[in-house]
Amino acid sequence: VTNPTSGSPLALTTGAPADGTEIGLTQGESMMTYEVSYDEEMSDQVLGPVAVFATQESFQLEFTMLEYATTQLTVFFQNADLISDELSDPKNDLYTIGNLADGSGSFVDLNSVYLVSPIPGTSPQRYTIVGLYQAYQSEPGAVKYTRENASVLKSTFKAIADLTRDPGDYMGQVVVERNA
């Protein structure tokens, strides 16, 4: 999804992002976590803190991707190499894993991640939008395989600051649409 300009909410068209690549549906609950770390300043003159400062913040989204296609898998296996075999029948996509085996390290592929959810009982339909401007998969990726159900991709994306944006708008956005 293309990030909106600074200070603007993500543009929607009937509940879907107006531009960019939609990676499809999620399964079950999705979790947004925003955390601020604080540092309390103490003084010799009193027993309690005299000031508090915010020192760090983190913003992440945890969700399960339901759709199982090349777009989702490329985001899920963020440091893997994709090799598509167009001549095979059926066609195959191979994700080679082990790019960090030499211990040299690597820049991580960053993705914009947005979750769009309808607000129940609104007419016309309104949505909640949560987005991370630049994010990486911060937890181990997990794929659940069963005979009875489709394979799903468990993902946790953590935001990093996008310093090209205006101050105060570095990590992401939470938008709640409302009636006028």
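Residues numbered from 1 in each chain as written. Predicted model: local features only at pLDDT ≥ 70, side-chain atom pairs only at ≥ 80, totals over all residues. Heavy atoms only, no water.

Helices and strands together make up the secondary structure of the chain, namely one helix and eleven strands. Reading the secondary structure of the chain in the N-to-C direction produces β-β-β-β-α-β-β-β-β-β-β-β. Put simply, the chain has 180 residues, and 24% of those count as buried. Sequence separation of at least 24 residues holds for 58% of the intrachain contacts in the chain that already meet a minimum separation of 6. Surface exposure of the chain reaches about 12000 Å², of which carbon and sulfur atoms provide 52%. (Helix = DSSP H or I, 4+ residues; strand = E, 2+ residues; numbered from the N terminus. Buried < 20%, exposed > 50% of the residue type's maximum accessible area, 1.4 Å probe, protein only. Contact = heavy atoms within 4.5 Å. Areas by Shrake-Rupley, 256 points an atom, 1.4 Å probe, with all protein chains shown as cover.)

Turning next to the environment of Leu10. Residue position: Leu10 is located in the segment before β1 (12-13). Distance from Leu10 to Gln173, taken between C-alpha atoms, is 8.7 Å for residues 163 residues apart in sequence. What Leu10 contacts, discounting residues up to four positions off in sequence, is Val1, Thr2, Pro4, Pro17, Tyr114, Ile129 and Gln173.

Okay, the packing of aromatic side chains next. Scanning all chains against the criterion turns up two aromatic pairs. Ring geometry for Phe63 and Phe157: centres 5.9 Å apart, planes at 10°, overall stacked. Here Phe157 lies in strand β10 (residues 152-159) and Phe63 lies in strand β4 (residues 51-65), a separation of 94 residues in the sequence. The two residues Phe63 and Phe157 agree in class, both being buried. Lying across the ring of Tyr133, Arg165 places its NZ or CZ 3.7 Å from the centre. (Phe/Tyr/Trp six-rings, centres within 6.5 Å; stacked < 30°, edge-to-face > 60°. Lys NZ or Arg CZ within 6 Å of the ring centre and 35° of its normal.)

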